[in-house]
Amino acid sequence: MAPLTPSWVQPSHPDIQEVIVTGNAAEFTTKSISKISLPPFGLFAKLDFPPCTEAPEPTYATVQMGRDKHLDLNSDLLYINHSCEPSLIFDMAAMNIIAGPKGLKPGDELTFFYPSTEWYMAQPFDCLCGTPSCRGRIAGARDMTAAQLEGVWLNRHIRDLLEERDRQQGKQKAATNGGTNGTAATNGSAPAQQQALRAALAQAEKLVETLRQAAGSLDNVGGGGSLKRKRVAEAGVTEDSPSEPAGLQRRGPTSRELSGEMGGDTSAA
Ligand SMILES: [Zn+2]
């Protein structure tokens, strides 16, 4: 929760943002209202140094801007709340706050999806945003399921970390049950969960087939060449095997980026 007595001069963004505080110093809530209209993905505010400063570690007042980098906003932008259907996107690679896919109009509450920047949150909370797609318990992306993160824009560092998480989980699952049970979607809407399950099953079938083919090719190899062939086969399987099938399905662009395509940031909105 943001402090009532900030270190900066208020209001910091009087032309674009109105901060509303209700309650008293002991117990209060804040929210922010837009004063402007913007087209979809229009620039709302830049995150400049200063007033922004790098923070040594995450706090309630920081926004994560990279794998190990956190940002103190040092402005009223701190009072932008979480929503599961946010009006804003914090694009931390570009250091821009932009309007979401619906654009923005005066009177709209300013919100963004906290797990789109935060990998870990010290204080997860139960969201009361009341939107149809409310994800319920909001934590850092690390502690949310694929279904909970479905359909919302995520920063590159979060997508990269999720790929790693899912790959690790996929390896663990493959080791324990042959990769036949691959989805982590346990807390989402039923259709999303079913979709994730179907995708997981399809990927698992592919994996099983790949493994079968690799085993078959080994059977046909005799003598000294077999070990090398085995390594090649294993490498091939590792590269093609789905770590978290639902995740791979959902984040196709990230998979391509990870395999060497170093193009610009992709919008997954
Ligand atoms: Zn919500």
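What comes next is a walk through the structure. (Residues numbered from 1 in each chain as written. Predicted model: local features only at pLDDT ≥ 70, side-chain atom pairs only at ≥ 80, totals over all residues. Heavy atoms only, no water.)

## Here's the deal with the pairing of strand β5 (residues 62-66)
Phase 1 of the analysis: β5 sits mainly inside the fold: 5 of its 5 residues count as buried.
Phase 2 of the analysis: In this structure, β5 lies alongside strand β6 (residues 69-72), joined through 4 bridges in antiparallel fashion. Its bridge partner being in β6, Q64 is matched across the sheet by H70.
Phase 3 of the analysis: Connecting β5 to the antiparallel partner β6 that follows it, the hairpin turn spans 2 residues. (Buried < 20%, exposed > 50% of the residue type's maximum accessible area, 1.4 Å probe, protein only. Helix = DSSP H or I, 4+ residues; strand = E, 2+ residues; numbered from the N terminus. Pairing = 2+ DSSP bridges.)

## Topic: the coordination of the zinc ion
Phase 1 of the analysis: Distances from the zinc ion to its protein donors, C84 (SG), C127 (SG), C129 (SG) and C134 (SG), fall at 2.3 to 2.4 Å.
Phase 2 of the analysis: Here the zinc ion binds 4 donor atoms, and the angle range of 102 to 112 degrees at the metal identifies the geometry as tetrahedral.
Phase 3 of the analysis: When the donors of the zinc ion are listed by position in the chain, the intervening gaps give C-x42-C-x1-C-x4-C. (Donors = N, O, S within 2.8 Å, 3.2 Å for Na, K, Ca; no water. Tetrahedral: all angles 85-135°; square planar, octahedral: opposite > 155°, others 65-115°.)

## As for the environment of L43
Phase 1 of the analysis: Structurally, L43 can be placed in strand β3 (residues 43-46).
Phase 2 of the analysis: The class for L43 is partly exposed, based on a relative accessible area of 43%.
Phase 3 of the analysis: Put simply, L43 and I97 are 54 residues apart on the chain and 6.3 Å apart in space, counted from C-alpha to C-alpha.
Phase 4 of the analysis: Ignoring any residue separated from it by four or fewer positions in sequence, one finds L43 in contact with L38, N96, I97 and I98. (Contact = heavy atoms within 4.5 Å.)

## Structural notes on the environment of T5
Phase 1 of the analysis: When you line up the elements, T5 lands in the segment before β1 (17-23).
Phase 2 of the analysis: Considered as a pair, T5 and A25 are 20 residues apart in the sequence and their alpha carbons are 9.4 Å apart.

## Description of the sheet that holds β3
Phase 1 of the analysis: Strand order in the open sheet made by the 3 strands is β3-β9-β8, with antiparallel pairing throughout. In the strand order of this sheet, the two ends are held by β3 and β8 (88-91), each with one partner. Averaged over neighbouring strand pairs, the angle between their axes works out to 20 degrees when direction is ignored.
Phase 2 of the analysis: Bridge count for β8 against strand β9 (residues 96-99) is 4 bridges, and the pairing is antiparallel. Each bridged residue has a counterpart across the sheet, and for F90 the counterpart in β9 is I97. (Axes fitted to C-alpha atoms, helices over the stretch in contact; angles between N-to-C directions.)

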